[in-house]
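The primary structure of each chain is shown beneath.
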Amino acid sequence: MTEAILLVGGKGTRLRPLTVHTPKPMVRAAGVPFLTHQLARARAAGVEHIVLATSYLAEVFEPYFGDGSSLGLHLEYVTEEEPLGTGGAIRNVASRLHSGPDEPVLVFNGDILTGLDIRALVRTHEATGADVSLHLTKVSDPRAYGLVPTDGTGRVLAFLEKPQTPEEIVTDQINAGAYVFRRSVIDTIPHGRPVSVERETFPGLLSAGAHLQGMVDSTYWLDLGTPAAFVRGSADLVMGRAPSPAVPGRCGDRLVLPTAVVAPDAKLTGGTVVGEGAFVAEGARVDGSTILPGAVIEPGAVITDSLIGTRARIGTRSVLTGTVVGDGAVVGADNELREGVRVWCDARIPAGAVRFSSDQ
């Protein structure tokens, strides 16, 4: 296994305002762009050549990662003129692949944090002679996902839409967003138009008699599509619950990046990250949260399970729980922001303007 495709073209609309200025794979998780973790894990599994299928804010990727040599990789970038969907994006980069027709090509979605044994997926693909092999994971509540039932040998039987009734939940296995394609199969995907690999390519291959193999790997798996999930994923990386060779420090309760300043009596717990140039003042408490570079947390602020954007400022004694604060925003003193609140980039919330309890 020497090459892979990484699908990093999505707009990340569910993550806004984090993705207003930054493409989703470049939002920082555990101190580095999330894509860094995926690239490092692919390299550790023996991948050498990766093609990035880019679209939204495509100009951001290459200046950061260059040719990939600093990670021991050879990276190439292909930008879609118009969004092509997952299948269309895979087909659009096919000309950059070097593999022969029967050789395996890894494909990863750019927003999945996983402990998948990549080598085991490739071994399964080769041992079964499959046309496409899929990483499947088991979830306790599969209603939000498409289901992928398999037979006793792991061969995929169907691709089922999100179940609407209990009777439709025939398996707890879902598509986990990592695949191995036989190189020649990629060339059968229509070129130059949007194609969904999940809704068109895989069901079409199955109906044509192709061999699609599922491999259940129930190690760590998390879709980072929402702010709450992204914050949790970053904390899990810091605490070592999610594996990555790219975490820039030892695993533990906190990760403070160089040039960040944290007051001696400030308390950082739960996998909190404080980015470069950020400042956490005296008496502040930050739990399970990400403080991006240049942000300021003023004295006595309490921040839990939240993400504070680049150069944002959180005022004295403000309490934030399950909140996302966009780049450059200012939350004044004595505010309370609770689960699900999103403060847009460069917004200004005056002191004491938002509360869920009395001001006494």
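Residues numbered from 1 in each chain as written. Predicted model: local features only at pLDDT ≥ 70, side-chain atom pairs only at ≥ 80, totals over all residues. Heavy atoms only, no water.

A. Expanded view of the overall build of the protein chain. The secondary structure content of the protein chain amounts to 7 helices and 28 strands. With respect to the principal axes defined by its C-alpha atoms, the protein chain has extents near 70 × 50 × 35 Å. Here the protein chain holds 360 residues, and 56% of them are scored as buried. Long-range pairs, those at least 24 residues apart, make up 52% of the contacts in the protein chain between residues at least 6 apart in sequence. Element-wise, carbon and sulfur atoms account for 51% of the exposed surface of the protein chain, whose accessible area totals about 15,000 Å². Computed over 32 positive and 40 negative side-chain charges, the inter-centroid distance for the protein chain is 3 Å. (Helix = DSSP H or I, 4+ residues; strand = E, 2+ residues; numbered from the N terminus. Buried < 20%, exposed > 50% of the residue type's maximum accessible area, 1.4 Å probe, protein only. Contact = heavy atoms within 4.5 Å. Areas by Shrake-Rupley, 256 points an atom, 1.4 Å probe, with all protein chains shown as cover. Lys, Arg positive; Asp, Glu negative; His and termini not counted. Charge placed at Lys NZ, Arg CZ, Asp CG, Glu CD.)

B. Just the pattern of salt bridges, in detail. Under the criterion given, the structure shown has 16 salt bridges. Where salt bridges share partners, they join Asp102, Asp131 and Arg182 into one cluster. (Salt bridge = Lys/Arg side-chain N within 4 Å of Asp/Glu carboxyl O.)

C. Main features of the UniProt feature "domain: Mannose-1-phosphate guanyltransferase C-terminal" (unreviewed entry) in the protein chain. Residues annotated in UniProt with the feature "domain: Mannose-1-phosphate guanyltransferase C-terminal" (unreviewed entry) correspond here to residues 252–333. Counting secondary structure, residues 252–333 comes out at 0% helix and 41% strand; the distance between its end C-alpha atoms is 30 Å. (UniProt positions renumbered as here; feature names shortened; annotations may be inferred.)

D. Geometry of the environment of Ala40. Structurally, Ala40 can be placed in helix α1 (residues 34–44). Separated by 205 residues in the primary sequence, Ala40 and Pro245 place their C-alpha atoms 6.2 Å from one another. If sequence neighbours within four positions are ignored, Ala40 has contacts with Pro245 and Ala246.

E. Local environment of the layout of surface pockets. The volume enclosed by the largest pocket comes to roughly 1,400 Å³. Listed by contribution, the elements that provide at least two residues to the lining of the largest pocket are α3 (85–92), β9 (173–182), α6 (197–207) and β11 (221–223). Among the elements that line the lining of the largest pocket, the one with the most residues is β9, at 5 residues. Taken together, the residues of the lining of the largest pocket break down into 21 nonpolar, 14 polar and 10 charged. (1 Å grid on protein atoms, 1.4 Å probe; cavity = no way out; pocket = protein on both sides within 12 Å on 5 of 7 lines; lining within 4 Å. Points joined across faces, edges and corners; volume = space filled by probe spheres on them. Nonpolar A, V, L, I, M, F, W, Y, C, P; charged D, E, K, R; others polar.)

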